[in-house]
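Chain residues, written in single-letter form:
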Amino acid sequence: MKRKQRIWILGIGALVVIAAGVTVPLLLIGPDASTTTAAAGQTTYTVARGDLKQTLVVYGEVAPKQEYTFTFDGDRVDEILVDVGQRVEQDQVLVELDRTQLELALLQAERSLKEAEAEGIPSTIREKELLYEIALANYEDATLRAPFAGVVTTIEQATTSSESWRIVLIDTSELYVETSVDQLDAPDVAVGQTAEATIEPLPDRTWPVEIVEVGGMAVSSFNSTTVSVTGRLPAADPSILVGYTVEMEITIASASDVLRVPISGLREAPRGWMVIKLVDGEPTPQEVTIGVTTDEYAEVTAGLEEGDVILLQSATAPTDSGDDDEMRQRFLQGGGMPSGGGFPGMP
């Protein structure tokens, strides 16, 4: 059983806060067909099948596929051909720089090359060829072109001739969600997992996300240590802008049509976990094997059958009001039933 420190806040449901992430229950304990209250005030649960889904909620922002920043001297600008927010195509001209000095250098290099060729000295010819190629490249670089199709997000103008201009271009052909998870949750997150994203300015929709990258190192900041995680949105959507805040719910474990019991029905046993099973009306300890767990339910892979009846910790039992919270927390941390929090009818 994995040990993690979690803070519980119980209300209508249960919310678990964990540094950079939040573990959210998909199934909540409450009055249903499987839960009854015995005559003696003991709450029972009839073991049934159901689905379990454990998720981790993290917060991040929309990021582009790639980003490119142009910087150039303020006194070299001839013409800016784009505006902020403009969408451009690959190889489209963005900026024309002054070519006067570059053209002069190119003509001088061309003349020197022709003179060397006339002299016929191989080493001199090669030297002048290289100088000409450099001059030609500098001349052509005076035209700044988009390396990919994208959107111009920043045009930062130089205020003096000694400062540099700055133009930022982003590629929105694919969009990603960049976030981080607490180091305690990082082992549960893997490439290929699925998630669901809610984008703050577009709250009426959700988008499926695939986890495509989990950072290779942890980073400490203030009092937390986190690992970066990147998820890919399925398709570029013009309504989604880079930088939007995103809530992403990652599915870290799931099980379908499995036997499940409420966590409040579990207690620690010498070799793992057990429940208190009613056999002919008598409470009997029964060891169980646990699989996928959420904040409220646990999968039982061995020890119980569908239709078995177990005792839950009763809200009317003579225990402290915080014992139920403590039992849940210790279960997720690998501990057992809190002291004084036994099941009614058991020693």
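As a reminder, the structure under discussion sits directly above these lines.
Throughout what follows, the structure given in this document is the object of discussion. (Residues numbered from 1 in each chain as written. Predicted model: local features only at pLDDT ≥ 70, side-chain atom pairs only at ≥ 80, totals over all residues. Heavy atoms only, no water.)

1. Focus: helix α1 (residues 100–119)
Under the 1.5 Å per step criterion, the end-to-end length of α1 is 29 Å for 20 residues, consistent within 8% with the ideal 28 Å. Taken as a whole, α1 has its buried residues at Leu102, Leu106, Ala109, Leu113 and Ala116. Summarising the axial view, the buried residues of α1 lie within an arc of 90°, below the 170-degree limit, and thus occupy one face. Pointing more than 90 degrees away from the buried face of α1 are the exposed residues Thr100, Lys114, Ala118 and Glu119. On the buried face of α1, the contacting elements are α2 (122–140). (Helix = DSSP H or I, 4+ residues; strand = E, 2+ residues; numbered from the N terminus. Expected span 1.5 Å × (residues − 1). Buried < 20%, exposed > 50% of the residue type's maximum accessible area, 1.4 Å probe, protein only. Arc of directions from axis to C-beta. Contact = heavy atoms within 4.5 Å.)

2. Description of unusual backbone geometry
Among all residues save glycine, negative phi is the norm, and among peptide bonds the norm is trans. Of note, Asp91 is a non-glycine position whose phi angle comes to about 75°, a positive value. Mapped onto the elements of the fold, Asp91 is located in the loop between β8 (87–88) and β9 (93–97). On the basis of relative accessibility, which here comes to 49%, the residue Asp91 falls in the partly exposed class. Positive phi, close to 55°, is recorded for Phe222, a residue that is not glycine. Residue placement: Phe222 occurs in the loop between β14 (202–221) and β15 (224–232).

3. Regarding the pattern of salt bridges
The tally for this structure, following the rule as stated, stands at nine salt bridges. For Asp237, the salt bridge identified is with Arg205, shortest N-O distance 3.4 Å. With a gap of 32 residues between them, Asp237 in the loop between β15 and β16 (245–262) and Arg205 in strand β14 connect regions that are remote in the sequence. By relative accessible area, which is 17% here, Asp237 ends up buried. (Salt bridge = Lys/Arg side-chain N within 4 Å of Asp/Glu carboxyl O.)

4. A few points about the environment of Phe70
Within the element layout of this structure, Phe70 appears in strand β6 (residues 48–73). For Phe70, a relative accessible area of 9% puts it in the buried group. Linking Phe70 and Leu94, residues 24 residues apart in sequence, is a C-alpha distance of 9.9 Å. Once residues lying within four places of it in the same chain are set aside, the contact partners of Phe70 are Leu94, Leu144, Arg145, Pro147, Trp165, Arg166 and Ile167.

5. Examining the packing of aromatic side chains
The tally for this structure, following the rule as stated, stands at three aromatic pairs. Aromatic pair Phe72 and Trp165: ring centres 6.2 Å apart, planes at 15°, arrangement stacked. Placement of Phe72 in strand β6 and of Trp165 in strand β12 (residues 164–182) is noted, with a sequence separation of 93 residues between them. Residue classification places Phe72 among the buried residues on the basis of a relative accessible area of 5%. (Phe/Tyr/Trp six-rings, centres within 6.5 Å; stacked < 30°, edge-to-face > 60°.)

6. Thoughts on the nonpolar core
Core analysis: the biggest nonpolar cluster contains 22 residues, and Val181, Val189, Leu233, Ile240, Met248 and Ile250 have the highest contact counts within it. Mapped onto this core, the elements with two or more residues apiece are β6, β12, β13 (194–199), β14, β15 and β16. Broken down by element, this core gets its largest block of residues, four residues, from β16. What Ile250 contacts, discounting residues up to four positions off in sequence, is Gln54, Thr55, Leu56, Val58, Val189, Gln193, Thr194, Ala195 and Ile211. Counting residues in hydrophobic clusters, the runner-up holds 19 residues, among them Tyr45, Ala255, Val288 and Val292. (Core = buried A, V, L, I, M, F, W, Y, C linked by side-chain atoms within 4.5 Å.)

7. A few points about the pairing of β15
The pairing of β12 with β15 spans seven bridges and is classified as antiparallel. Bridge pairing in β15 places Tyr176 opposite Arg232. Counting the residues in the hairpin turn of β14 and β15 gives two residues, including Phe222, whose phi is positive at 55°. (Pairing = 2+ DSSP bridges.)

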